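Spelled out, the chains give:
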Amino acid sequence: MMQTISVRFFARKDRATDDGLIPVSMRIGLNREHIAIPTKIHVKESEWLADQGRIAMVSRQARLKNEQLEA
């Protein structure tokens with residue numbers, strides 16, 4: 001039996017903090033079952049690229065957060 005695994009990152013806009021940051025979660029899928037895991041990374045909504053599942057590289061800090069997500 002063949003299994004499919006997918007990993008995607010998404011921002012939880014419904015859980016924005018008071019200072020306007022949104023948490024990034026990781027969704028892992030295995031054969032049509034999914035689980036969402038918080039990454040403890042927060043970003044500005046304007047910096048999040050939803051179609052790519054990553055932070056727009058506008059600063060050194062954003063680059064470091066993208067590296068954390070890739071790891």
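Residues numbered from 1 in each chain as written. Predicted model: local features only at pLDDT ≥ 70, side-chain atom pairs only at ≥ 80, totals over all residues. Heavy atoms only, no water.

Lay out the packing of aromatic side chains with the relevant residues and their values.
Applying the stated criterion across every chain yields a total of 0 aromatic pairs. The side chain of Arg27 reaches across the aromatic face of Phe10, ending 4.4 Å from its centre. (Phe/Tyr/Trp six-rings, centres within 6.5 Å; stacked < 30°, edge-to-face > 60°. Lys NZ or Arg CZ within 6 Å of the ring centre and 35° of its normal.)

Give me the lowdown on the environment of His34, citing residues and values where you can.
Mapped onto the elements of the fold, His34 is located in strand E3 (residues 33-44). Sequence-wise, His34 and Lys13 are 21 residues apart; in three dimensions their C-alpha atoms are separated by 19 Å. For His34, the contacting residues outside a window of four places in its chain are Arg27, Ile28 and Gly29. (Helix = DSSP H or I, 4+ residues; strand = E, 2+ residues; numbered from the N terminus. Contact = heavy atoms within 4.5 Å.)

Go over unusual backbone geometry, please, and point to the residues and values.
Positive phi outside glycine occurs at Arg32, with the angle close to 70°. One can find Arg32 in the loop between strand E2 (21-30) and E3. Overall, Arg32 belongs to the exposed group, its relative accessible area being 83%. Phi is positive for Lys40, which is not a glycine, with a value near 65°. (Buried < 20%, exposed > 50% of the residue type's maximum accessible area, 1.4 Å probe, protein only.)

Describe the environment of Leu49, naming the residues involved and giving the relevant values.
Here Leu49 shows up in strand E4 (residues 48-49). Leu49 gets classed as partly exposed once you look at its relative accessible area, which sits at 28%. Distance in space between the C-alpha atoms of Leu49 and Phe10 is 9.1 Å, their sequence separation being 39 residues. Among residues more than four places away in sequence, those in contact with Leu49 are Arg54, Ile55 and Ala56.

In short, the description is geometric, and any link to function would need to be established separately.
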